[in-house]
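# Tertiary structure, described
Listed below, chain by chain, are the residues.
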Amino acid sequence: GGEHFDPLNLAESPSFDFDRMKIAELKHARLAMLSWLGYMSQAVATNCDNPFGIGSETWPSYIEGAKGPYANWQDHVADPFVENVWKYTGLFQ
């Protein structure tokens with residue numbers, strides 16, 4: 001909160017609900033953290049030798065040409081029944 005949360009002094013306006021905006025900011029930050037977790041999870045699952053990354057010798061940041069989220073999405077759209085989470089966890093194969 002404080003002056004750093006509202007550098008444009010919008011809270012002084014009577015039509016501006018400052019408390020609601022603080023809560024919205026927290027919700028958006030938490031959603032961004034969750035999306036980053038999903039981004040990292042798919043990178044580890046599709047590029048490491050272990051789908052959960054535990055004790056893995058390879059990590060996406062050290063692999064030349066590691067697949068990113070766009071390439072994973074293209075693979076999934078091309079063949080959704082093969083390229084999905086079950087393939088990388090080793091379940092149901």
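Residues numbered from 1 in each chain as written. Predicted model: local features only at pLDDT ≥ 70, side-chain atom pairs only at ≥ 80, totals over all residues. Heavy atoms only, no water.

One pair of aromatic rings is described through two measures. These are the centre distance and the angle between the planes. Overall, the coordinates contain two aromatic pairs when judged by the stated rule. Ring centres of Trp36 and Tyr39 lie 5.1 Å apart, and the angle between their planes is 20 degrees; this geometry places the pair in the stacked category. Of this pair, Trp36 and Tyr39 both sit in helix 1 (residues 18-47), separated by three residues, roughly a single helical turn. A relative accessible area of 53% means that Trp36 is categorised as exposed. Tyr39 sits in the partly exposed class, given a relative accessible area of 38%. (Phe/Tyr/Trp six-rings, centres within 6.5 Å; stacked < 30°, edge-to-face > 60°. Helix = DSSP H or I, 4+ residues; strand = E, 2+ residues; numbered from the N terminus. Buried < 20%, exposed > 50% of the residue type's maximum accessible area, 1.4 Å probe, protein only.)

Next up on the list: a nonpolar patch on the surface. A cluster of nonpolar residues, Leu31, Leu34 and Leu37, forms a patch on the protein surface that exposes about 320 Å² of accessible area. Inspection of the secondary structure assignment puts Leu31 in helix 1. (Patch = residues over 30% accessible without salt bridge, like charges linked within 9 Å, V, L, I, M, F, W, Y side chains within 5 Å. Areas by Shrake-Rupley, 256 points an atom, 1.4 Å probe, with all protein chains shown as cover. Salt bridge = Lys/Arg side-chain N within 4 Å of Asp/Glu carboxyl O.)

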